[in-house]
Amino acid sequence: VQLVESGGGLVQPGGSLRLSCAASGFTFSSYGMRWYRQAPGKERELVAGITSAGGRTNYADSVKGRFTISRDNAKNTVYLQMNSLKAEDTAVYYCNTRMSVADPPYWGQGTQVTVSS
């Protein structure tokens, strides 16, 4: 299993970024995917999740209405569209999946998002 995030960077407050996570090594269309983030000195937190076919999504309260998770099963890629970014969104963002509760979670290397003027 390999998860490779991209799309992070420096953006001003109120700006937008779209993160991508390219997946390989497993049947992507069969598994839910999630985005987590970890800010300095804080625990890693779940940001958004999407089911295998993309029919259901869920979001942390702190990002509802601003972030959108989506996936393209033909491209084995999951996205996180982030709008109206705030300084408190600054973190390393990680892509995640897990085959079952008996399996370990898989993580990408992370992509840094910095929101600052």
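Residues numbered from 1 in each chain as written. Predicted model: local features only at pLDDT ≥ 70, side-chain atom pairs only at ≥ 80, totals over all residues. Heavy atoms only, no water.

Engineer: Could you give an account of the pattern of salt bridges, with specific residues and numbers?
Structural biologist: In the structure shown here, the tally under the stated rule is four salt bridges. Note that Asp89 is salt-bridged to Arg66, the shortest N-O span being 2.7 Å. Of this pair, Asp89 sits in the loop between β8 (77-82) and β9 (91-97) while Arg66 sits in the loop between β6 (57-59) and β7 (67-72), and the two are 23 residues apart along the sequence. Overall, the relative accessible area of 0% leaves Asp89 in the buried class. Salt bridges sharing common partners tie together Arg37, Glu45, Arg66 and Asp89. (Salt bridge = Lys/Arg side-chain N within 4 Å of Asp/Glu carboxyl O. Helix = DSSP H or I, 4+ residues; strand = E, 2+ residues; numbered from the N terminus. Buried < 20%, exposed > 50% of the residue type's maximum accessible area, 1.4 Å probe, protein only.)

Engineer: Tell me about the pairing of strand β1 (residues 2-6), residues and numbers included.
Structural biologist: Of the two faces of β1, only one is covered, namely that formed by Leu3 and Glu5; the face formed by Gln2, Val4 and Ser6 stays uncovered. By the bridge criterion, five bridges tie β1 to strand β3 (residues 17-24) in an arrangement that is antiparallel. Residue Ser6 lies in a different strand from β3, and its bridge partner there is Ser20. (Pairing = 2+ DSSP bridges.)

Engineer: Give me the state of the cysteines: which residues, what numbers.
Structural biologist: For the coordinates displayed, the defined rule picks out one disulfide. Residue Cys21 pairs covalently with Cys95 via a disulfide, S to S 2.1 Å. Looking along the S-S bond of the Cys21-Cys95 disulfide, the torsion reads about -85 degrees, which is the left-handed sense. Taken as a pair, Cys21 in strand β3 and Cys95 in strand β9 lie far apart in primary sequence, 74 residues in all. (Disulfide = S-S within 2.5 Å.)

Engineer: Could you give an account of the pairing of β7, naming the residues involved and the relevant values?
Structural biologist: Side chains Phe67, Ile69 and Arg71 of β7 all project onto a buried face; the interleaved residues Thr68, Ser70 and Asp72 project onto a face where none is buried. Summarising the sheet, β7 and β8 pair through six bridges and their orientation is antiparallel. For Asp72, the partnering residue across the bridge sits in β8 and is Thr77. Linking two consecutive strands that pair antiparallel, namely β7 and β8, is a turn of four residues; a positive phi of about 55 degrees is found at Asn76 within it.

Engineer: So, the sheet that holds β1: which residues are in play, and what are the values?
Structural biologist: Pairing is antiparallel in the open sheet, where four strands are placed in the order β1-β3-β8-β7. Strands with a single pairing partner mark the edges of an open sheet, and in this sheet they are β1 and β7. This sheet shows a mean twist of 15 degrees between the axes of neighbouring strands, independent of strand direction. (Axes fitted to C-alpha atoms, helices over the stretch in contact; angles between N-to-C directions.)

Engineer: Go over unusual backbone geometry, please, and point to the residues and values.
Structural biologist: With a phi angle near 55 degrees, Asn76 is a residue other than glycine that sits in the positive phi range. Examined against the element boundaries, Asn76 turns out to sit in the loop between β7 and β8. Relative accessible area serves as the criterion here: at 27%, Asn76 is assigned to the partly exposed category. Residues other than glycine seldom take positive phi values, yet Ser84 does so here, at roughly 50 degrees.

Engineer: Run through the environment of Gln38, naming residues and quoting values.
Structural biologist: Within the secondary structure, Gln38 is located in strand β4 (residues 33-38). Assessed through its relative accessible area of 27%, Gln38 is described here as partly exposed. Only 3.1 Å separates the side chain of Gln38 from the backbone oxygen of Lys42, close enough to count as a polar contact. Within the structure, Gln38 has its side chain in polar contact with the side chain of Arg44 (distance 3.4 Å). (Polar contact = N/O pair within 3.5 Å; in protein donor to acceptor, adjacent residues only side chain to side chain.)

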